[in-house]
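For reference, the chains in residue letters:
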Amino acid sequence: MIEAILISVIIAATPILIAALGEVVAERSGVLNLGVEGMMIVGAVTAFATAQITGSPYLAILTAALAGVAMAGLFAILAIWLATNQVATGLALTLFGLGVASLAGESFVGRPGVKLGDIAVPYLSDLPYVGTVLFAQSPLFYLSIALTVGVTVFLFRTRAGLRLRSVGDQPVAAHALGLKVNRIRTLAVLFGGLCAGIAGAQLTLVYTPQWIDGLSAGRGWIALALVVFASWRPTRVLAGAYLFGAVTIAQFHAQAFGVDIPSQFLSALPYLATILVLVIFASNRRFTMVNTPAALGRPFVPDR
Amino acid sequence: MRIDLRRRTNVPWWAEALAPLLAFTVTLAIGSVMFAASGKPPAAALTAYFIEPLSEIWSIHELAIKAAPLIIIAVGLSVAYRSNTWNIGAEGQFVAGAITGAAIPVLFPGATGVWVLPAMLALGLLGGAAWGAIPGLLKTRFGANEILVSLMLVYVAQLLLDWLVRGPWRNPEGYNFPETRFFDDSARLPELIAMGDYGGRANFGIVIALVLAAATAILLTRTKKGFEIKVTGASPRAARFAGFDQKATTMFAFLFSGALAGLAGIVEVAGAIGQLTPVISPGYGFTAIIVAFLGRLHPIGIVIAGLVLALTYLGGEAAQISLGLSEKIAQVFQGVLLFAVLASDTLVRYRVTVTARGRGVPA
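Numbers given to residues run from 1 along each chain, matching the order in which its sequence is written. Just so you know, chain letters begin at A and ligand numbers begin at 1, following the order they were written in. Per-residue local features of the predicted model are confined to residues with pLDDT of at least 70, and side-chain atom pairs are confined, for both listing and counting, to 80 or more; whole-chain, interface and lining totals are unaffected and use all residues. Values shown for side chains rest on all heavy atoms present in the structure; no hydrogens or waters enter the calculation.

### Section: the overall build of chain A
Along chain A, the regular secondary structure elements total 13 helices and two strands. Relative to a compact globule of 304 residues, whose C-alpha radius of gyration would be 19 Å, chain A shows 19 Å and is just as compact. Dimensions of chain A, computed from the C-alpha atoms along their principal axes, are close to 65 × 45 × 45 Å. The buried share of chain A, taken over its 304 residues, is 56%. Whether two residues are in contact is decided by their heavy atoms, any of which lying within 4.5 Å being enough. Within chain A, contacts between residues separated by at least 24 positions form 77% of all contacts whose residues are at least 6 apart in sequence. Of the roughly 12,000 Å² that chain A leaves accessible, carbon and sulfur atoms contribute 69%. Numbered from the N terminus, helices here are DSSP runs of H or I no shorter than four residues, and strands are runs of E no shorter than two. In this treatment the radius of gyration is a C-alpha quantity, and the globule benchmark scales as 2.2 Å times the residue count to the 0.38 power. Partly exposed residues are those whose accessible area sits between 20% and 50% of the maximum for their type, while under 20% is buried and over 50% is exposed, using a 1.4 Å probe and protein chains only. Under the convention used here, a 1.4 Å probe and the Shrake-Rupley method define accessible areas, while residue burial counts only the protein chains that appear.

Following this line, the structure appears as C-alpha cells:
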C-alpha cells in the first residue's frame, strides 16, 4: 500500500519537476515564460499522436520535446527578439497551445494510448523497501533526477551556467563584456520548451495513457509556481515537486481512507497548496530575494 | 538572420490606431494558410468565419451576447494592466460573481419583484471583487506573485461551482442533472429587442458593457484615480515620488477588475443561460485578456475588440456547421491574434530591421 502510494507520488511529481527545471533555466537567464502550460499540453498531444501512429513511446518523447522547442521558439522570437511584453506573450503561448492541443487531439478522445514501460535497474531494483519505488520506474523518472543534478551542476559549476545567470541578473553588464545576451536567453528558453514538451509526454505516456481535452489541468502553472517557491534553485524544485506530488495523490487516497469531503474540495487542494506556499515563501524575503534573477521579465534591447 | 530594434522617438497617433488592424490582417493571413492546409478553400472559410455570422439578425444578437461579457471583463482588466497589475484570473472572478449573484434565485426561488435583478448584479460585483481581492491582498500584504495566485483561483472557483451545482444547489426537480433550478423571470436580464423584425436573444448585457466602457474612459481620463493608475503603470518610480500609494493602486486594480469580471459572470448567467451549470463560460475570462490588448487597453478600443473576438466564437460555430471545421479552431485563432497584437505593438514602438546573417558582425 505504502509502496503504491509512493510510486503514484513519483508519477505525479515527475512532470511538474521536469517542466519546472526547464523554467528555472529560462528564468535564470532573465526570461519569464508563462507559456509552460501551453508548451506542456502541445508536448502531451504530440506524444500521444506519435505513439498512436508509430507505436513507439520513445519516438513520442522525442517529438514531444521538439514540439516544446518549437513552441518556445515562437515565444523567443516575440519576447526576446521583438521585445514584446513577456507576461502577455507567455499567456498568448498558453492560450495558443491549449487551442492547438484541443484541435489536434479531437480525434484521439477515447482512444487507448501507448504506455511507456518501466525499466527496472538490475540488482538495485531488488533492494528491500526502496527497490521497486526508486529503481523500477519509467525512464522519465530517471531523466527527471538526472536533469535535477545536471541543471544544478550547469548553473552553478560551469562557465556557461555563470554566463547564463549573469545575463539574467545584469544583462547590460553582460552585453558590455561581449556576451550575446539575447542568444543566450533564446537557448535558455528553448531548453525550457524542451523540458515542458517532455513533461507533457510524461502525462500521456505514463500518468494517464489516454487523451483528455485540457489534460494538463494547470500543471504548467503549478510548475511556474514551483520555480518561485524553490527560489530558482533546482534542488529545491525537486523537493517542491514531491511535495506537490504528495498533495495531488493525497486527494485520491483521502477518500479511500474514508475521509468524507466532497471530491471537488480535494481536487482544489493542489491549487490551494500552491497559493499557500507562494504566500509563505514570498513573505520570507531573505529566502527569495537573494536568488531572484534581477532582470527577470525585462526584455533586453541593446543600445547601439 | 538578425533582428535589430531601435526605439522610435515619437510615435504618430495613426500608427497606434493602425497596429491592431495590422494584427488582425496578419491573423487573417495566417488563418488562410491554416484553412488551406486543412484542405478548405481559404476564401470560403474566411467568409463562413467572419462574414456569415454578420448576415443574419439572430446571429447579430448572438454576437451581442458573446461580446457583452468580453467587453465588461476586458474593461476591468485594462485598468489593472495599465497599472501593471497582472490579474489573469478573471475567469475565476467571473465564476465567483456568477455564484454569488445566483444565490438569490437559487436559495430564494420565490423571490420576485424589481429589486431581485439589481440585487443579483450587486452581489455579482461583490463576489467578483472578493475573489479578486484575494490575490490583491496576498500581493500587497505578503508579496505573493499575483499572476500565479489569481490563476490558481480560477481552478478553485470552477471546482466550487462544480460542487454547488452537483451538491447543495442542485435543482430538486431536475432529475439529478448537475444544474440549479431555472431562474424566475424577475431574476433574468430582460431581452433588448424581443419581438419584431429585429427581435432576438440579445439582452441588456451589451448595454451594461457599453455604459461601463464609457464610465471607465471617464475614470481614466478625468479622475485622479485614473491618473494614479496610468502613472503607476508607466513609471512606478515617478508614482512613488508623486506620493501615490502603490499598494492601494494594486488593490484598487484587483477590486475593480474582479468586480467587473464578477458582474460579467452574473450578466451571463442571468442573461444568456438562466441557471447555473458546471461550465458557464467558454473561457471568457482568458479571451478578455486578448480583448484588452487588442483594444490597446483603451475602453473604446476594447468595445471594438470585444466585438471582433465575439465574432471568432460565432465564426467557429458557423465554420463547424457549414465547413465541418472544428470549432476549436477559434481558440487557435485567438492565440494567433494575441501574438500578432503583441508583435505589431513592437512595430509601433521600435524601428525593426531584419538583416541576413552577417558573419563577424558583433551582435
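### Points about unusual backbone geometry
For Arg296 of chain B, which is not glycine, the phi torsion reads 50° and is therefore positive. Note on placement: Arg296 of chain B falls in the loop between helix H11 (284–294) and helix H12 (299–323).

### Describing the confidence of the model for chain B
For chain B, the average pLDDT comes to 88, and 98% of its residues sit at 70 or higher. For every residue, the predictor assigns a confidence score, pLDDT, that lies between 0 and 100. Averaged pLDDT values over the elements of chain B bottom out at 80 in strand E1 (residues 2–7) of chain B and peak at 96 in helix H4 (residues 90–107) of chain B.

### Side note on the pattern of salt bridges
A pair is scored as a salt bridge if a Lys or Arg side-chain nitrogen falls within 4 Å of a carboxyl oxygen belonging to Asp or Glu. One pass over the structure, following the stated rule, counts 11 salt bridges over all chains. With a closest N to O distance of 3.6 Å, Glu228 of chain B and Lys225 of chain B form a salt bridge. Here Glu228 of chain B and its partner Lys225 of chain B are both found in helix H8 (residues 224–234), three residues apart, which amounts to about one turn of the helix. On the basis of relative accessibility, which here comes to 10%, the residue Glu228 of chain B falls in the buried class. Taken together, the shared-partner salt bridges connect Glu106 and Asp213 of chain A together with Lys328 of chain B into one network.

### Quick word on a nonpolar patch on the surface
All names here are of chain A. Taken together, Met1, Ile2, Leu6, Phe257, Val259, Ile261 and Phe265 make up a surface patch of nonpolar side chains, about 690 Å² in accessible area. Checked against the element boundaries, Ile261 lands in the loop between helix H11 (234–256) and helix H12 (263–283). Residue classification places Ile261 among the partly exposed positions, given a relative accessible area of 33%. Patch definition: residues with relative accessible area over 30% and no salt bridge; like charges joined within 9 Å; nonpolar side chains (Val, Leu, Ile, Met, Phe, Trp, Tyr) joined within 5 Å.

### Digging into the packing of H8 of chain B against helix H10 (residues 246–273) of chain B
All names here are of chain B. Angles shown run from 0 to 180 degrees and are taken between the N-to-C directions of axes, each axis being a line fitted to C-alpha atoms and, for helices, limited to the stretch in contact. Packing of H8 against H10 leaves a shortest axis separation of 10 Å and a crossing angle of 105°. In terms of axis orientation, H8 runs roughly perpendicular to H10. Contacts between H8 and H10 involve Lys225, Glu228, Ile229 and Thr232 from the former and Gln246, Thr249 and Phe252 from the latter. A class-by-class count of the residues in the contact of H8 with H10 yields two nonpolar, three polar and two charged. Small angles under 35 degrees read as roughly parallel and large ones over 145 as roughly antiparallel, with 65 to 115 read as roughly perpendicular and the rest as oblique. Think of it as three bins: nonpolar holds Ala, Val, Leu, Ile, Met, Phe, Trp, Tyr, Cys and Pro, charged holds Asp, Glu, Lys and Arg, and polar takes everything else, Gly as well.

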